[in-house]
Amino acid sequence: MNSLLRSRGYTEALADGIAGWSHVVTVDIHGVSAPGELPTGCSLDVLADALAHLVDECGFTRVNAVGNSFTADVAHRFAVRHPGVAGRAVLTGATGGVCDPAAARDLAEAVNRLESEGSAVLDDVLHRVVCVDPSRTVLRRRALVSTLTKRMKQPTAVAEMQMWVNCLTLLDSVTADPAPADDHRYPGPPLLVVVGEHDVATPPATCRALAARTPGAVFAVIKDADHFVSITRPSEHQDLIRRFLLEEFLDNLPYCAQVEHFPRQRTAVGS
């Protein structure tokens, strides 16, 4: 029996699809994925520990963790810090704590401009998350841009963008993984690291680096998608999650541009 943790960042369609074969528990983080403020001094590790406490309070002994974008990094820290509770983890658009501090400052400036200048900075904000390169195919891009543009014109846009700033700031607080990249003693659960082929917010190279330093991880790139893979390619994203959590075959999937498996144990080469 699977229990699944996810954040509000996922579409309801994803939750409904997964609920067909798994119990689903959704989690909102005030100040990150829901309105509100984070407590002073909160870090990514604090959020991961809070998630573990919630799991315990719900009476679960073992859960699979699924996160998207920033919440994928929360799920990753949960898996690393609480390997006895985490079963498997699916991380879509995760950085693994790799974040340029300047990105948070630049975004904070854009948010301030959004509040004072309105639509004049919409393109600048959109280019940070959506692949707008016409030479690259992103399914449902026009509808996605239209939806995001309308959302950023709402009165709540500044507050929502501030949550994004909070996320980038929290990523800068990440502590080191418990084992070196070449150490087979990684204590966490199996990881599936997923990214859209043309993700500009969390590029495939960043996501692959997270998988590469995690023995036993699988890295998957979904074709014709960017950072919003769970929205623009929902059925394929759902299928990939289901296959991994149920330990089914992952190779040669028609919607994946790449699937790479990293060995659980690295073999030392003698001199």
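Within each chain, residue numbers correspond to sequence positions counted from 1 in written order. Totals for whole chains, interfaces and linings use every residue, but because this is a predicted model, local features are given only for residues with pLDDT of at least 70 and side-chain atom pairs only at 80 or more, for both listing and counting. As a rule here, side-chain values come from all non-hydrogen atoms in the structure, and water together with hydrogens is ignored.

Novice: Which residues make up the nonpolar core, and what values do they have?
Specialist: As used here, the term nonpolar core means buried Ala, Val, Leu, Ile, Met, Phe, Trp, Tyr and Cys residues forming a set that is joined through side-chain atoms within 4.5 Å. Think of it in three bands: with a 1.4 Å probe and only protein chains considered, a residue is buried below 20% of the maximum accessible area for its type, exposed above 50%, and partly exposed in between. Core analysis: the biggest nonpolar cluster contains 53 residues, and Phe70, Phe78, Leu91 and Phe219 have the highest contact counts within it. When residues of this core are assigned to their parent elements, the largest contribution, seven residues, is made by helix H7 (residues 157-171). Here a helix means four or more residues in a row that DSSP labels H or I, a strand means two or more in a row labelled E, and each is numbered from the N terminus.

Novice: Explain the packing of aromatic side chains to me, and be specific about the residues and the numbers.
Specialist: Between rings of Phe, Tyr and Trp, where Trp is taken as its six-membered ring, a pair exists when centres lie within 6.5 Å; planes separated by under 30 degrees are stacked, by over 60 edge-to-face, and by other angles tilted. In the structure shown here, the tally under the stated rule is zero aromatic pairs. A cation over an aromatic ring shows up here: Arg88 above the ring of Phe244, its NZ or CZ 4.6 Å from the ring centre. Charge-over-ring contacts are defined here by two conditions on Lys NZ or Arg CZ: a distance within 6 Å of the ring centre and an angle within 35 degrees of the ring normal.

Novice: Break down the pattern of salt bridges for me, citing the residues and quoting the values.
Specialist: By definition here, a salt bridge exists when the distance from a side-chain nitrogen of Lys or Arg to a carboxyl oxygen of Asp or Glu is within 4 Å. Under the definition given, this model contains ten salt bridges. The closest approach of N and O atoms between Asp239 and Arg243, which form a salt bridge, is 2.8 Å. Placement of both Asp239 and Arg243 in helix H10 (residues 234-245) is noted, with a separation of four residues, approximately one turn of the helix. On the accessibility criterion, Asp239 (19% relative accessible area) is buried. Across the pair Arg242 and Glu248 runs a salt bridge whose closest N-O atoms are separated by 2.9 Å. Exposure remark for Glu248: the relative accessible area of 35% places this residue in the partly exposed category.

Novice: Hey, could you go over the environment of Glu236 for me, with residue numbers and the actual values?
Specialist: With respect to the secondary-structure elements, Glu236 resides in helix H10. Sequence separation of Glu236 and Ile222 is 14 residues, and the distance between their C-alpha atoms is 8.0 Å. A distance of 2.9 Å separates polar atoms of two side chains, one belonging to Glu236 and the other to Arg233. We call two N or O atoms a polar contact when they sit within 3.5 Å, provided that within protein one can donate a hydrogen and the other can accept it, with sequence-adjacent residues counted only if both atoms are side-chain atoms.

Novice: Just give me the short version of the confidence of the model for the chain, but keep the residues and values in it.
Specialist: Atom-level detail of predicted coordinates should not be read off regions where pLDDT is low. The quantity known as pLDDT measures the predictor's confidence residue by residue, on a range of 0 to 100. Per-residue confidence for the chain gives a mean pLDDT of 80, with 81% of residues at or over 70. The criterion used for residue contact is that any of the two residues' heavy atoms lie within 4.5 Å. Taken together, the stretch residues 1-11 has pLDDT below 50 and engages in 53 contacts with residues farther than four places along the chain or on a different chain.

Novice: Talk me through the pairing of strand S5 (residues 191-196); I want residue IDs and the actual numbers.
Specialist: The side chains of a regular strand alternate between the sheet's two faces. Burial analysis of S5 places six of its six residues in the buried class, the great majority of the element. What you see with S5 is no split at all: Leu191, Val193 and Val195 on one side and Leu192, Val194 and Gly196 on the other are buried throughout. Two strands pair when backbone bridges link them, and strand S4 (residues 86-92) and S5 are joined in this way by four bridges, in the parallel orientation. Of the residues in S5, the one forming a bridge with Val90 is Leu192. Bridge analysis of S5 against strand S6 (residues 218-222) gives five bridges, and the strand direction is parallel. Pairing of Gly196 across the sheet is with Ile222, part of S6. Here is how to tell: hold the view so the strands point away, follow the path from the first strand over the helix to the second, and if it runs clockwise the crossover is right-handed. In this region the chain leaves S5, passes through helix H8 (residues 204-212) and returns to the parallel neighbour S6; the handedness of that crossover is right-handed. Paired strands, as defined in this entry, are two strands with at least two bridges between them according to DSSP.

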